[in-house]
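One letter stands for each residue in the lines below.
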Amino acid sequence: MAVNVQQFIKLANYYNQTAMVMSAVCVQKGGVAIENYVGRFFVADLLEYIVEYGRRLQTADKNLAPEVVALINRFSAQFQGMRDLVTPTQKPIHEMTLAEFEKIMNI
């Protein structure tokens, strides 16, 4: 996995778009609260991955732009509120090998 700022920004944009779609789905389904929406687990897993990616990015590059550091910190703070929604495993998804991931997902 090549850890770089462009990939982090792409992941951040994907997360933001996913959150926007999730909100739209909740409204369309009659105002379902986001904390009751079944997709919240996926979004929490995605946010966990992005936070870890950002942490590794900070470790790999000490001269990150302040805007990127602020974005990493914002995602980290947001994740703290969703930490209990991530999929429980013995190992976080970002630390799994492809074989371990496929086994968990029954692929």
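Conventions adopted
Residues numbered from 1 in each chain as written. Predicted model: local features only at pLDDT ≥ 70, side-chain atom pairs only at ≥ 80, totals over all residues. Heavy atoms only, no water. Helix = DSSP H or I, 4+ residues; strand = E, 2+ residues; numbered from the N terminus. Contact = heavy atoms within 4.5 Å. Lys, Arg positive; Asp, Glu negative; His and termini not counted. Charge placed at Lys NZ, Arg CZ, Asp CG, Glu CD. pLDDT = per-residue confidence, 0-100. Core = buried A, V, L, I, M, F, W, Y, C linked by side-chain atoms within 4.5 Å. Buried < 20%, exposed > 50% of the residue type's maximum accessible area, 1.4 Å probe, protein only. Axes fitted to C-alpha atoms, helices over the stretch in contact; angles between N-to-C directions. Parallel < 35°, antiparallel > 145°, perpendicular 65-115°, else oblique. Left-handed = near helix turned anticlockwise from the far one by under 90°. Expected span 1.5 Å × (residues − 1). Arc of directions from axis to C-beta.

1. Description of the overall build of the protein
In terms of regular secondary structure, the protein is built from four helices and zero strands. Start at the N end of the protein and walk to the C end: the helices and strands fall as α-α-α-α. Here the C-alpha coordinates of the protein stretch approximately 45 × 35 × 20 Å along the principal axes. When contacts within the protein are restricted to residue pairs at least 6 apart in sequence, long-range pairs at least 24 apart make up 72% of them. Between the centroid of the 10 positive side chains of the protein and the centroid of its 10 negative side chains there is a distance of 1 Å.

2. Focus: the confidence of the model for the protein
Residues at a pLDDT of 70 or more form 92% of the protein, whose mean pLDDT is 84. Highest mean pLDDT in the protein belongs to helix 1 (residues 5-28) (92); lowest belongs to helix 4 (residues 98-105) (78).

3. A few points about the nonpolar core
Grouped together as the largest cluster of nonpolar side chains are 21 residues, with contacts concentrated most on F8, Y15, L47, I50 and F75. For this core, the secondary-structure elements that each account for two or more residues are helix 1, helix 2 (40-60) and helix 3 (66-82). If one sorts the elements of this core by residue count, helix 2 sits on top with eight residues. In this structure I50 touches F8, L11, A12, Y15 and F75, once residues within four positions along its chain are discounted.

4. A few points about the packing of helix 1 against helix 2
For the pair helix 1 and helix 2, the least separation of the axes is 10 Å and the interaxial angle reads 160°. Our classification of the angle between helix 1 and helix 2 gives roughly antiparallel. In this structure, helix 1 meets helix 2 at a crossing whose hand is left-handed. Only R40, F42, V43, L46, L47, Y49, I50, Y53, G54 and L57 of helix 2 make contact with helix 1, whose side of the interface consists of V5, Q7, F8, L11, A12, Y14, Y15, T18 and M22.

5. Structural notes on the environment of A19
Among the secondary structure elements, A19 is positioned in helix 1. According to the relative accessible area criterion, A19 is partly exposed, its value standing at 22%. On a C-alpha basis, the gap between A19 and Y53 in space is 18 Å, while along the polypeptide they are 34 residues apart.

6. Quick look at helix 3
Between its first and last C-alpha atoms helix 3 spans 25 Å; for 17 residues at 1.5 Å apiece the expected length is 24 Å, and the two agree. For helix 3, the full list of buried residues reads V68, L71, I72, F75, F79 and M82. Down the axis of helix 3, the sector holding all buried residues measures 100°, keeping them to one side. Across from the buried face of helix 3, at angles greater than 90 degrees, the exposed residues are P66, A77 and G81. In this structure, the buried residues of helix 3 make contact with helix 1 and helix 2.

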